[in-house]
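Residues per chain, in single letters:
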Amino acid sequence: MRGRGKLVDLLCDKMDVVCRCQGGNNAGHTVIVGDKKYDFHLLPSGVIWEGCDSVIGNGVVIHLPGFFDELEKNIAKGLTGWENRLKISDKAHLVFDLHQDLDGLQETVREGLKGTTKIGTTRKGIGPTYASKMIRNGVRVADLLDDFESFTDKFCNLVDIQTAAFPDLKVDKAAELERYKVFAERIRPLVVESVSYLHKKLKANKKVLVEGANAGMIDIDFGTYPYVTSSNCSIGGVCTGLGIPPQLIKNVFGVMKAYTTKVGDGPYPTEQINEVGEFLRKEGHEFGVTTGRPRRCGWFDLPAMKYTTMVNGYTAVAMTKIDIFDKMDEVKIGVSYLKNGVKMEHYPSSVKQFEGIEVEYITLPGWKTSISEIRKFEDLPQNCRHYIQIVEAMLGLPIR
């Protein structure tokens, strides 16, 4: 249920600050402005807007080599003024190359274990970094900037702990420390104490937009575990990843495609491993921005969307990419899950519970005409409007 970059870009016109609250450079958002195509992984999509500050919050994990590489690539495409608008939390944890190597090693080990399989990680080191954070041997941006001698100790301790557990992990401590001396000075002008920074903005009645990364169904707690990311990409991540209390959150906008996609392994009841899935992948250019992997494609999954609505409390949702249906004779909506012929009353909590599930579909007529140039709902073909209205009614939420 993706397409956030475009929506964030549309909303930024009215915002003073745009924030990332969780995840790392395992997320991928594309924003096209005129003839320029920006690809963002760590940078908030709002960074291209003059007059709008961008914050990488404390809940984000940052791979500094990847961060600077992403920055340089987007500067080459025309990004300017970022040095005055981009802020990085001093509480954010650092992703080291060793975390990325661990990601690959752990995925390889999983493949050989009984009763398990690979998760489909992006191998960007996100999971191992959050693991370091939770067992309290992680290293934060503040550690890098405050005292390099102390940073050296913390980094070396982290390396020793990880190499003891994974002897195949090789780390050149001296070379890494030399790199991070340079990174420290490059990043220093961008770093702020983000909680007080944001609360000053909120106290001054500035408008703050929080940009989610990753999809709701790969939330570490509420997703199809273990085929999930390693952070809370649901609404709770906004509070913990930025230090914003719940009562200050005014609107929660969900973003969903007119069909469903997934990158990586795990249960996917409405997946179409056939010509329909292939058509959606080709027409929708469904390849991951971060990994380039082909996305798995299928019909709209209403039970999954209802579930994420319960968790996130959306006030409205945006539907993207409905024009991908333009050439189809008919379209389907997965309206419920059936097990042994009985409708399931809740979303499955484990991989085992997905076994034997059948999807109940409704079939709707297509519209067989291009809608790519249409900008008003009332100008859409009747069958297209009907599709949107049915999803809207079944979700019980306005689609905007």
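Each chain carries its own residue numbering, running from 1 in the written order of its sequence. Owing to the predicted nature of the model, reporting of local features is limited to residues with pLDDT of at least 70; listing and counting of side-chain atom pairs is limited to 80 or more, with chain, interface and lining totals taken over all residues. Excluding hydrogens and water, the side-chain figures rest on all heavy atoms present in the structure.

Student: Before we go on, may I ask you to explain the packing of aromatic side chains in this structure?
Tutor: Think of a pair of aromatic rings as described by two things: how far the centres are apart, and how the planes are tilted against each other in angle. A pair of aromatic rings is counted whenever rings of Phe, Tyr or Trp (Trp by its six-membered ring) have centres within 6.5 Å, and the orientation is called stacked for planes under 30 degrees apart, edge-to-face for over 60 and tilted otherwise. Under the defined criterion, the tally for this structure stands at 16 aromatic pairs. Both rings, one in phenylalanine 68 and one in phenylalanine 183, keep their centres 5.6 Å apart while their planes meet at 20 degrees; by these two values the pair is stacked. With phenylalanine 68 in helix H2 (residues 64-76) and phenylalanine 183 in helix H8 (residues 173-187), this residue pair connects regions lying 115 residues apart in the sequence. Of the two residues, phenylalanine 68 and phenylalanine 183, both sit in the buried class. Between phenylalanine 325 and tyrosine 387, the aromatic rings sit 5.5 Å apart at their centres with planes inclined by 75 degrees, giving edge-to-face as the arrangement. Pair noted here: phenylalanine 325 is in the loop between strand S14 (316-320) and strand S15 (330-339) and tyrosine 387 is in helix H14 (residues 382-395), with a separation of 62 residues, a long-range link. Owing to a relative accessible area of 0%, phenylalanine 325 belongs among the buried residues under this scheme. Going along the chain from the N terminus, every DSSP run of H or I of four or more residues is numbered as a helix, and every run of E of two or more is numbered as a strand. Think of it in three bands: with a 1.4 Å probe and only protein chains considered, a residue is buried below 20% of the maximum accessible area for its type, exposed above 50%, and partly exposed in between.

Student: Help me understand the pairing of S14, please; the structure alone is not making it clear to me.
Tutor: Looking along a regular strand, one sees the side chains alternate between the two faces of the sheet. Extensive coverage of S14 is indicated by the burial of five of its five residues. Of the two faces of S14, the one carrying Ala316, Ala318 and Thr320 and the one carrying Val317 and Met319 are both buried. Relative to S14, strand S10 (residues 253-257) runs parallel, the two sharing five bridges. Within the sheet, the bridge partner assigned to valine 255 lies in S14 and is alanine 318. Should DSSP find at least two bridges between two strands, the strands are regarded as paired.

Student: What should I look at first to understand a negative patch on the surface in this one?
Tutor: Surface patches are drawn from residues lacking salt bridges whose relative accessible area is over 30%; two like charges belong together within 9 Å, two nonpolar side chains (Val, Leu, Ile, Met, Phe, Trp, Tyr) within 5 Å. Where accessible areas are quoted, they stem from the Shrake-Rupley method and a 1.4 Å probe; at the residue level, only the protein chains shown are allowed to cover. Note on definitions: salt bridges are taken to be side-chain nitrogens of Lys or Arg within 4 Å of carboxyl oxygens of Asp or Glu. Positive residues here are Lys and Arg, negative ones are Asp and Glu, while His and the chain termini are left out of the count. To locate a charge, the coordinates of NZ of Lys, CZ of Arg, CG of Asp or CD of Glu are taken. Residues Asp146, Asp147, Glu149 and Asp153 make up a contiguous surface patch of negative charge. When you line up the elements, aspartate 147 lands in the loop between helix H6 (141-146) and helix H7 (148-165). Residue aspartate 147 is classed as partly exposed on the basis of its relative accessible area of 39%.

Student: Would you mind going over the sheet that holds strand S9 (residues 208-211) with me for this structure?
Tutor: Adjacent strands of a sheet pair through backbone hydrogen bonds, lying either parallel or antiparallel. The strand order across the open sheet built from five strands is S8-S6-S4-S1-S9, with neighbouring strands paired in parallel fashion. The open sheet has two free edges, formed respectively by strand S8 (191-192) and S9, since each of these has just one partner strand. Against the sheet, helix H9 (residues 194-203) engages strand S1 (17-20), strand S4 (53-56), strand S6 (86-89), S8 and S9, with an angle of about 145 degrees to S4. Here, residues are in contact when the closest pair of their heavy atoms is within 4.5 Å. Axis lines are fitted to C-alpha atoms, over the contacting stretch for helices. Their N-to-C directions set the angle, which ranges from 0 to 180 degrees.

Student: Where do I start with the environment of tyrosine 197 in this structure?
Tutor: Its location among the elements puts tyrosine 197 in helix H9. Residue tyrosine 197 is classed as buried on the basis of its relative accessible area, which comes to 14%. With sequence-adjacent residues up to four places away left out, tyrosine 197 is seen in contact with Asp53, Val55, Lys87 and Val192.

Student: Just to check I follow, could you spell out the pairing of S1 for this structure?
Tutor: With burial as the criterion, each face of S1 is covered, one bearing Val17 and Cys19 and the other bearing Val18 and Arg20. Relative to S9, S1 runs parallel, the two sharing four bridges. Its bridge partner being in S9, arginine 20 is matched across the sheet by glutamate 211.

Student: Would you mind going over the side chain of threonine 260 with me for this structure?
Tutor: With respect to the helices and strands, the residue threonine 260 is situated in strand S11 (residues 260-262). Threonine 260 gets classed as buried once you look at its relative accessible area, which sits at 8%. A polar contact is formed between the side chain of threonine 260 and the backbone oxygen of tryptophan 299, at a distance of 3.0 Å. N or O atoms within 3.5 Å of each other form a polar contact, as long as, within protein, one can give a hydrogen and the other can take it, and as long as residues adjacent in sequence are counted only when both atoms are side-chain atoms.

Student: Honestly, the environment of leucine 144 in this entry has me stumped. Any pointers?
Tutor: Inspection of the secondary structure puts leucine 144 in helix H6. By relative accessible area, which is 2% here, leucine 144 ends up buried. Excluding its chain neighbours within four sequence positions, the residues that come into contact with leucine 144 are Leu64, Leu94, Phe151, Tyr180 and Ala184.

Student: Whenever I open this one, the side chain of glutamine 162 confuses me. Can you help?
Tutor: Looking at where glutamine 162 falls in the secondary structure, it is placed in helix H7. Beyond its immediate sequence surroundings of up to four residues, glutamine 162 is in contact with Leu98, Leu102, Ser132 and Leu169.

Student: Please clarify how the pattern of salt bridges should be interpreted in this entry.
Tutor: Note that side chains of opposite charge can pair when their charged atoms are close. In this structure the tally under the stated criterion is 20 salt bridges. Here aspartate 160 and lysine 173 are joined by a salt bridge, their closest N and O atoms 2.7 Å apart. Placement of the pair is aspartate 160 in helix H7 and lysine 173 in helix H8, with a sequence separation of 13 residues. On the accessibility criterion, aspartate 160 (39% relative accessible area) is partly exposed.

Student: Sorry, what's going on with unusual backbone geometry here?
Tutor: Glycine aside, residues mostly have negative phi, and peptide bonds are mostly found in the trans state. Residue proline 226 follows tyrosine 225 across a cis peptide bond; omega there is 10 degrees. Structurally, the position occupied by proline 226 is in the loop between S9 and helix H10 (236-242). Positive phi, close to 70 degrees, is recorded for arginine 136, a residue that is not glycine. Tracing the sequence through the fold places arginine 136 in the loop between helix H5 (126-134) and H6. By relative accessible area, which is 74% here, arginine 136 ends up exposed. Even without being glycine, asparagine 214 reaches a positive phi, approximately 75 degrees. Locating asparagine 214 in the fold gives a position in the loop between S9 and H10.

Student: Teacher, can you tell me more about the packing of helix H4 (residues 97-111) against H7 here?
Tutor: Where H4 meets H7, the closest approach of the two axes is 11 Å, and the angle between their N-to-C directions is 15 degrees. Classified by the angle between their axes, H4 and H7 sit roughly parallel to one another. Between H4 and H7 lies a crossing of left-handed hand. Where H4 abuts H7, its residues Leu98, His99 and Leu102 lie against Phe155, Leu158, Val159 and Gln162. Should an angle fall under 35 degrees it is called roughly parallel, over 145 degrees roughly antiparallel, and 65 to 115 degrees roughly perpendicular, with every other angle called oblique. Each crossing is labelled by how the near helix is turned from the far one, with a counterclockwise turn of less than a right angle marking it left-handed and a clockwise turn marking it right-handed.

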